[in-house]
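# Survey of secondary and tertiary structure
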Amino acid sequence: MSDNFERQKGLRRLWMASAWLFVAGAVAGVCFRWGMVASFPDGWDAGNIRHGHSHLMLMGWATPALMALMGARWPAQGGRNSERAVCLVGWIAWGLALASFPAFLLYGYQSVAIGSAELPIAAILSGLAILAWYGFAVVYFRANRGVERTAAMRLWDLAVAALVISSIGAWAVAGLMIADVDSVLWEAATVHFFVDLFGGGWLVLGLVGVLRSHVELEDSTNERIGRILVGGAVALVFLVGLPREYTPTVWPLLGSAAAGFVAAGLALIAQRIWAEQGRWSRRVLVFLAIKVVMLAAVAIPPLAEWGLGAGLRLFYLHIALVGFVTLGLVAMAARQWGEQTVGSLQAWLAAVVVLLATMLPLTGLWPRELAGQWVHQVALVGSAFAVLATGAACMVGSWGSEEG
Ligand code: HEM
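These numbers come from a predicted model, not from an experiment.

A few words now on the domain arrangement of the protein. Partitioning the protein into domains gives domain 1 (1–148), domain 2 (183–337) and domain 3 (343–404). Taken over C-alpha atoms, the centre of domain 2 sits 22 Å from the centre of domain 3. Facing the 16 residues of domain 2 at the interface are 12 residues of domain 3. Looking at the side of domain 2 that touches domain 3, the elements with two or more residues in it are helix H10 (279–298) and helix H12 (312–337). Looking at which element gives the most residues to the side of domain 2 that touches domain 3, the answer is H12, with 11 residues. Of the residues belonging to the side of domain 2 that touches domain 3, the class tally is 10 nonpolar, 5 polar and 1 charged.

So, about the environment of alanine 152. Position of alanine 152 relative to the elements: it lies in helix H6 (residues 151–178). Alanine 152 gets classed as buried once you count the C-beta atoms within 10 Å, which come to 24. Sequence separation between alanine 152 and leucine 211 is 59 residues; the distance between their C-alpha atoms is 8.0 Å. Excluding residues within four positions of it along the chain, alanine 152 makes contact with Gln77, Gly209, Arg212 and Ser213.

Counting 137 residues, the largest nonpolar core has Ala62, Leu69, Val262 and Leu329 as its most contacted members. Once residues within four sequence positions are removed from consideration, alanine 62 is found in contact with Met57, Leu203, Leu321, Val325 and Leu329.

What follows covers the site of the ligand. Around the ligand lies a shell of 22 residues, among which Ala26, Gly29, Met57, Ser383 and Ala386 are the nearest. Looking at the shell around the ligand, the elements that each hand over two or more residues are helix H2 (9–38), helix H3 (46–73), H12 and helix H14 (374–403). Taken together, the residues of the shell around the ligand sort by class into 14 nonpolar, 6 polar and 2 charged.

The subject of this paragraph is the packing of H3 against H12. Their axes nearest at 11 Å, the elements H3 and H12 cross at an angle of 40 degrees. In terms of axis orientation, H3 runs oblique to H12. Along this stretch, H3 crosses H12, giving a crossing that reads as left-handed. In this structure, H3 uses Ala62, Ala65, Leu66, Leu69 and Ala72 to contact H12, whose residues at the interface are Leu321, Val325, Leu329, Met332, Ala333 and Gln336. Within the contact of H3 with H12, the residues separate by chemical class into 10 nonpolar, 1 polar and no charged.

What counts, and where the lines are drawn
Residues numbered from 1 in each chain as written. Predicted model: local features only at pLDDT ≥ 70, side-chain atom pairs only at ≥ 80, totals over all residues. Domains from an automatic or database assignment. Contact = placed C-beta atoms within 7 Å. Helix = DSSP H or I, 4+ residues; strand = E, 2+ residues; numbered from the N terminus. Nonpolar A, V, L, I, M, F, W, Y, C, P; charged D, E, K, R; others polar. Buried ≥ 20, exposed ≤ 12 C-beta atoms within 10 Å, placed from the backbone. Core = buried A, V, L, I, M, F, W, Y, C linked by C-beta atoms within 7 Å. Near = placed C-beta within 6 Å. Axes fitted to C-alpha atoms, helices over the stretch in contact; angles between N-to-C directions. Parallel < 35°, antiparallel > 145°, perpendicular 65-115°, else oblique. Left-handed = near helix turned anticlockwise from the far one by under 90°.

So, in structure tokens, the structure goes:
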């Protein structure tokens, strides 16, 4: 059994609780797919289910799980052990994400009458969760203040900066909805800024840092160049996804250029990690490679335009967030605390592969003449399989961890 299994019990439990929220978020994904096949029952709203799903996945699964893994890894990089503080902010973030889930499902961003007041309850709970992220940023920088920066830590510095900066987009999303501003451009700009920087900056770079923390090699010039490219460009990638009819022509071009820089930067950083990693980490890096190839394609403006029209944005998001981030968080937890923590790595891999494969026919990559209503049925089956496989893995993981 891994030495860290007992020593880092608190962080391991936080990770496990977050994994259960993955399963809950996936159930919301199944409900959305069900609605696409059989129409939504009365009282179900597709938009609210999508909000509930995406918030729970980003804020309740990936964020506390990454916090737990970073907190488990930074002592080995020279940082001060801050397990209790990481657990405190991690559990607060987890609890608020969980509490906002039913609120999003029922009401979305709408205000709800509570006593004599009308309150947008889901937005308020998400706002409070953002304060917990700031708490994590404080814990991270205090624990690692004055510490000589390793390659992993420099990636984490960028990731935590992206977490804080992306939150401006989240505040703006909630602000626009509360103020009832009706602007397609601002709505798209704030949502894309938040989701793209939170996913591509905080989650992806944070996880790449965790992978890098297992590599003994010294920091290299290629990696430094890679970090400069990613750090300088990642906040601008969102420009490429904005609706063309409302944006000046130069914005998507800037976004395409930024995507190219980020793709090149990630490739330089990943190549160093690939050289030193085992089988599971390489499987995770394959998904990073697919993300990098898609980003590189986005750097070519006509391809970016085609991809957006072909509905590839959602597929790209899931390649990054399910393929790389989710599988990576699971593989790194298994490496840190032993495979019994995650139940079964194979089950998680199967869930990820089936989910992504069954999303493919929904995109323009699939020949239109071969598509039909069945593509939604297949996507429903794929997401249901993911729920069953990861739910079973979580059950085995929770039981195995407590037995262990
Ligand atoms: C079993 C796993 C998953 C399933 C079944 C699933 C399913 C879905 C579905 C059905 C949608 C709405 C699609 C649409 O609007 O047409 C969606 C959107 C989304 N999902 Fe997932 N997903 C899964 C995992 C994840 C994970 C792990 C994350 C993040 C860590 C994530 C983040 C998102 C985001 C950000 C959106 C887009 C929201 C938007 O643009 O409004 N998903 N997903």
